[in-house]
Amino acid sequence: MPVDAAQLWTLNHRLLTVVLDACSAELAELGLEAKEFFVLAEVAASPYPAGLAARLVIPKASVTVYVRNLVAKGFMRREIDDTDLRRHRLVLTDDGAAARDRAFAALARAFDRRLAAIAPQDRAELQRILLALLEPAPGATS
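Residues numbered from 1 in each chain as written. Predicted model: local features only at pLDDT ≥ 70, side-chain atom pairs only at ≥ 80, totals over all residues. Heavy atoms only, no water.

The next subject is the overall build of the protein chain. The number of helices and strands found in the protein chain is seven helices and two strands. Along the protein chain, helices and strands appear, N-terminal first, in the series α-α-α-α-α-β-β-α-α. C-alpha atoms of the protein chain, sized along the principal axes, occupy 55 × 40 × 25 Å. Taking as baseline every contact in the protein chain between residues at least 6 positions apart, the subset at least 24 positions apart corresponds to 49%. (Helix = DSSP H or I, 4+ residues; strand = E, 2+ residues; numbered from the N terminus. Contact = heavy atoms within 4.5 Å.)

Shown next, in the form of structure tokens:
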């Protein structure tokens with residue numbers, strides 16, 4: 001029986017939406033919107049706005065808005081890059097790291113409630129599959 005790729009994509013999207021919705025109140029208590037959380041979560045790995053936009057697959061203009069909001073909330077700051085004075089590097093503040101960690105914990109709790117429905121070996125298989133899906137597709141340019 002063939003598996004419908006569009007249906008798999010839709011199910012995955014629904015799952016992600018349900019999990020995010022389940023922890024949205026906790027994110028709001030932290031002063032975060034979901035997309036701001038994603039920026040906080042990725043800034044250590046991609047400290048430059050253009051790289052962050054590419055990593056999150058969102059427009060640079062959106063990253064600019066989220067960064068501006070996070071700076072205003074005291075979760076992040078811009079620093080001049082010592083190696084290239086024309087560039088700004090994004091750095092989490094202590095409050096930003098704490099908010100990120102608390103948001104990750106809320107997300108983990110919400111997702112863990114869903115994962116409880118499947119056996120531990122299936123969780124490991126799901127992790128393996130998701131990691132494989134994140135590898136570049138053969139012949140892909142991005």
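Our next topic: the packing of helix α3 (residues 34-42) against helix α5 (residues 60-72). Viewed as axis vectors pointing N to C, α3 and α5 meet at an angle of 85°, and their least axial separation amounts to 10 Å. On the basis of the axis angle, α3 is roughly perpendicular to α5. Residues K35, E36, V39 and L40 of α3 lie in contact with α5, whose contacting residues are Y66, V67, N69 and L70. The residue inventory of the contact of α3 with α5, partitioned by class, reads five nonpolar, one polar and two charged. (Axes fitted to C-alpha atoms, helices over the stretch in contact; angles between N-to-C directions. Parallel < 35°, antiparallel > 145°, perpendicular 65-115°, else oblique. Nonpolar A, V, L, I, M, F, W, Y, C, P; charged D, E, K, R; others polar.)

One finds L32, V39, L40, L70 and M76 to be the most contacted residues of the largest nonpolar core, which totals 24 residues. Contributing elements (two or more residues each) for this core: α3, α4 (49-56), α5, β2 (84-92) and α6 (94-115). With near-sequence residues (within four places) excluded, L40 lies in contact with L32, L70, F75, M76, L92, G96, A99 and R100. (Core = buried A, V, L, I, M, F, W, Y, C linked by side-chain atoms within 4.5 Å. Buried < 20%, exposed > 50% of the residue type's maximum accessible area, 1.4 Å probe, protein only.)

This brings us to the packing of aromatic side chains. Counted according to the given criterion, the structure contains two aromatic pairs. Each ring, one from F37 and one from F38, has its centre 5.4 Å from the other, and the planes form 50°; the classification is tilted. You can call F38 partly exposed: its relative accessible area is 32%. Seen from their ring centres, F37 and F104 are 5.0 Å apart, and the 80° between their planes marks the pair as edge-to-face. (Phe/Tyr/Trp six-rings, centres within 6.5 Å; stacked < 30°, edge-to-face > 60°.)

Glancing now at the pairing of β2. Note that strand β1 (residues 76-81) and β2 share six bridges and pair antiparallel. Bridge pairing links D81 to D84 in β2. Counted between consecutive antiparallel strands, the loop separating β1 from β2 contains two residues. (Pairing = 2+ DSSP bridges.)

Take S46: it is sitting in the loop between α3 and α4. For S46, the residues in contact, after removing those within four places along its chain, are G51, L52 and R55.

Here we come to the side chain of R100. Secondary-structure assignment places R100 in helix α6. One polar contact links R100 to D101, side chain to side chain, over a distance of 2.9 Å. Contacts of R100, omitting those with residues within four sequence positions, involve F37, L40, A41 and L92. (Polar contact = N/O pair within 3.5 Å; in protein donor to acceptor, adjacent residues only side chain to side chain.)

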